[in-house]
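Residues per chain, in single letters:
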Amino acid sequence: MKRFKTLLFIFVLLSSLSVLAQDGVSIGNWRTHMPYQNVIGVEKLGSKVYAATNYELFTYDTDDNSLQILNKINKLSDIGISKMKHNEFLDLLVVAYTNANIDLIDRQGNVFNMSDIKDKNILGRKTINNITFKGELAYFACGFGIVVFDLKKQEVKDTYYIGENGDAVNVADVAFYNGRIYASTDDGLLYAEEDSGTLADFSAWSFDNSPIYPHLVYNEMEVFAGKLLVSYATEAYDGDTLFVFDGQQWSHFDPSYTTDKREIRVVGNKLVVSCYSTIDVFDESFQRIDHLYNNDKAIRPNSTLLDTDGTYWFGDQRLGMIHARDSWNMEEIQPNGPYSKNVYALSTLGKHVWIATGGHAPNWSKLYSRDGVCHFDGRWWNNMNQRTIPYLNEENLTDFVCVATDPFDTTVTYVGTWGYGILKFQNDEFAGRFDNTNSSLEPWVQAPQYVMISGLAFDSHGNLWVANSGANNLLSVMDRNGQWRSYNLGGVNNGIDISVMMIDNNDYKWIIRRLGSDDKVIVFNENGTLDDISDDQVKSLRCVAGQGGISGSNVNCFAVDRNGYVWLGTDSGPCYFADTRKIFSESHYDASVVLVPRNDGTGQADPLFDEISVLSIAVDGNNHKWFGLETGVFEMSPDCKTQKLNFNTTNSPLPSNSVSSMVINDDGEVFFGTEAGVISYRGSATPGGPTNTDVVAYPNPVRPGYNGYVGIKGLVEDALVRITTVDGAFVTELIAE
């Protein structure tokens, strides 16, 4: 009997289904897994406070204290937010994206998209830096000039190219003062008479030579108390300056007020300044009347809204959105999510998914990433990094690159670091560390202060194998008794840089070598005898016929399918080894490629994804292969000759087309790791054992009016399934595939 089970899904309309409900997302649906601790903008619309992150929005309803995530799956038109601002005249929220797309959100939560800037071919940088309102008109300060939108009509009213000779120029902000419209550029301020009627003519704009420093880059402008305020931000700490123009002359707001300023905002008759670690409030006499700080939380405000009840809502760089009554009463508000969008590697066991957020530089040196690892149990993310675990901060441990959970004790997970050996976690708590002082691990030959771990994997006996990059003995193993051993893979493999490691169904260890070597993959077999090196076998595979026959010139990833085939993702499509035992039993055993018929009457076929780089591979319970490319994701049939699904940023919520890591958990949920974060899609197949176990149907109950898929998990192949209503009435009979 084949040792797997599938999800049986049917199209039904029932009143209920009497089986245990399934947590998570339903078949064919998506959910994002984004970080929410860095809130870049805060606005209030009705009873809801909107918080913008770099990726999506979340809202907090002050009436019922509920949280809601808004993203490309359920509401928004895009991902990657650059600016958010509330238009009081029309009571609309304007959301600008990093690709210059724009959404409008009304009080009822309806979303209207304005993609004019995004869709138009534009000379210059297609970005939106800031938004200024004048009644129902919105002036977008863009990387090429100024675009005027009529928010009521939802259409572009005008575009101003105000650079020399009408060239594109980066505009950081726009302000209206004393009958003039001001634009802050990379070389100071430009202005024009507001009622000139020729603002689209570059000759109507003049350079303002009157500021104390005319050629500075002023990043933000506000009109307050009858004066124009401009903010100059520097890269240096404590070096920002506010300047004031009263219509006649310029002066410093306060020469000593040089703290880093992330936002200046006018709220009624008050000026609210979000600084590096404080929030300052000034009256119309420029006297400071409030000062928020919190030494315990170490706040880092990005954007601050002063509410009508005198409380503050501010977006913090690390703590999400905060509701503050004063410096001593602050409440953190944010949805649960991973700590970082960074994904170097994904790992899964059962329902659980881990993200290793680190990595290494292109030259294989350290990145010093402090984002740690993130663990998802199917419902909740836990984050382990220098902020949450004191030991990691005390030892300044960085660059977590690989994860393996013990299949015999799933409370235990090991994390490989690029420089500091292996960390052990139990129930998400730090439980130990292994390096060259207490194990067989060895330092990096080129930099002995570092112990580089590039791969972790358990074999069928529960032994933990470790790829120890840059060591003389590249492989180490810790057995079930905690005893360590290391293995030399031959002189040519001493002290070399290695990457990902995988163990196949024969317990062979597959290791990718650093790009640039003739040998692409090392395969090692200790023949099940950890202490007897006499029967060890090592084979190096190349992109040459008779020596491995790997496609292309470089290998990016591995996967093992349900038949035990080992698949390699290369820079020229995938290839596979059907019987890995032949690697050692035959002198010449090469990889095979999938030939896909053209079906054009010629009888010819082409290699699957020929000359296309395969970045990641995952295999689901139906033995379908999922390939992550630089152009999106493809789900292929078991023989890879038929395309089942294709996802990209155009036809799906996928945040980036480049999918560098991918895993499928036991619920059939496919997790895609991209440069823009993690998102998952609920597929229709799960792996399993030889018997019906923990049979679960979802959604459950099936509500009246439901018109979608119902999945049944936990069935063996070819199981007979009868579907009934809650009162036992027969509906249909099917066979699990």
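Predicted model only: the values in this text are computed from it and were never measured.

### Things to note about the overall build of the protein
Thinking step 1. Looking only at helices and strands, the protein has three helices and 62 strands in total.
Thinking step 2. Among the 737 residues that make up the protein, the fraction classed as buried is 55%.
Thinking step 3. Sequence-distant contacts, at least 24 apart, represent 48% of the contacts inside the protein between residues at least 6 apart.
Thinking step 4. As presented, the protein carries roughly 30900 Å² of accessible surface, and 44% of it is formed by carbon and sulfur atoms.

### Some words on the sheet that holds strand 14 (residues 155-160)
Thinking step 1. Spatial strand order, 11-12-13-14: four strands in an open sheet with antiparallel pairing. With partners counted over all chains shown, the strands left at the sheet margins are strand 11 (128-134) and strand 14, one partner each. Between one strand axis and the next, the sheet turns by 25 degrees as a mean value, whatever way the strands run.
Thinking step 2. Summarising the sheet, strand 13 (residues 146-150) and strand 14 pair through five bridges and their orientation is antiparallel. Bridging from a neighbouring strand, valine 148 pairs with aspartate 158 of strand 14.

### Examining the pairing of strand 23 (residues 261-267)
Thinking step 1. In terms of burial, strand 23 is largely enclosed, as five of its seven residues are buried.
Thinking step 2. By the bridge criterion, six bridges tie strand 23 to strand 24 (residues 270-275) in an arrangement that is antiparallel. Across the sheet, residue isoleucine 264 finds its bridge partner in strand 24, namely valine 273.
Thinking step 3. In this structure, the hairpin formed by strand 23 and strand 24 is closed by a connection of two residues, where glycine 268 is found at a positive phi of approximately 65 degrees.

### Overview of the environment of valine 492
Thinking step 1. Looking at the secondary structure, you find valine 492 in the loop between strand 42 (484-487) and strand 43 (498-503).
Thinking step 2. Classification of valine 492 as exposed rests on a relative accessible area of 56%.
Thinking step 3. Taking the C-alpha atoms as reference, valine 492 lies 9.9 Å from aspartate 519; in sequence the two are 27 residues apart.

### As for the packing of aromatic side chains
Thinking step 1. Taken as a whole and assessed by the stated rule, the structure comprises 45 aromatic pairs.
Thinking step 2. Ring centres of tryptophan 30 and phenylalanine 647 lie 4.7 Å apart, and the angle between their planes is 70 degrees; this geometry places the pair in the edge-to-face category. Of this pair, tryptophan 30 sits in strand 2 (residues 30-33) while phenylalanine 647 sits in strand 55 (residues 643-647), and the two are 617 residues apart along the sequence. Note on accessibility: tryptophan 30 and phenylalanine 647 belong to one class, buried.
Thinking step 3. Seen from their ring centres, tryptophan 30 and phenylalanine 672 are 5.8 Å apart, and the 35 degrees between their planes marks the pair as tilted.

### Points about the side chain of serine 680
Thinking step 1. Tracing the backbone through its elements, the reader meets serine 680 in strand 58 (residues 677-682).
Thinking step 2. Within polar-contact distance, the side chain of serine 680 engages the side chain of histidine 33 at 2.8 Å.
Thinking step 3. Apart from residues lying up to four places away in sequence, serine 680 is in contact with Asn29, Trp30, Arg31, His33, Glu669, Val670 and Phe671.

### Some points on the side chain of threonine 132
Thinking step 1. If you trace the backbone, threonine 132 turns up in strand 11.
Thinking step 2. In this structure threonine 132 comes out as buried when scored by relative accessible area, which is 11%.
Thinking step 3. Polar contacts involving the side chain of threonine 132 include one to the main-chain carbonyl oxygen of valine 174, which spans 2.6 Å.
Thinking step 4. Excluding anything up to four places from it in sequence, threonine 132 contacts Leu137, Ala138, Tyr139, Asp173, Val174 and Phe176.

### Things to note about unusual backbone geometry
Thinking step 1. Of note, the phi angle at alanine 225 is positive, near 55 degrees, even though the residue is not glycine.
Thinking step 2. If you check the backbone angles, aspartate 399 has positive phi at about 60 degrees while not being a glycine.
Thinking step 3. Considering the arrangement of structural elements, one finds aspartate 399 in the loop between helix 2 (390-394) and strand 35 (400-405).
Thinking step 4. Owing to a relative accessible area of 0%, aspartate 399 belongs among the buried residues under this scheme.

What counts and how
- Residues numbered from 1 in each chain as written.
- Predicted model: local features only at pLDDT ≥ 70, side-chain atom pairs only at ≥ 80, totals over all residues.
- Heavy atoms only, no water.
- Helix = DSSP H or I, 4+ residues; strand = E, 2+ residues; numbered from the N terminus.
- Buried < 20%, exposed > 50% of the residue type's maximum accessible area, 1.4 Å probe, protein only.
- Contact = heavy atoms within 4.5 Å.
- Areas by Shrake-Rupley, 256 points an atom, 1.4 Å probe, with all protein chains shown as cover.
- Pairing = 2+ DSSP bridges.
- Axes fitted to C-alpha atoms, helices over the stretch in contact; angles between N-to-C directions.
- Phe/Tyr/Trp six-rings, centres within 6.5 Å; stacked < 30°, edge-to-face > 60°.
- Polar contact = N/O pair within 3.5 Å; in protein donor to acceptor, adjacent residues only side chain to side chain.

Taken by themselves, the reported measurements are silent on function.
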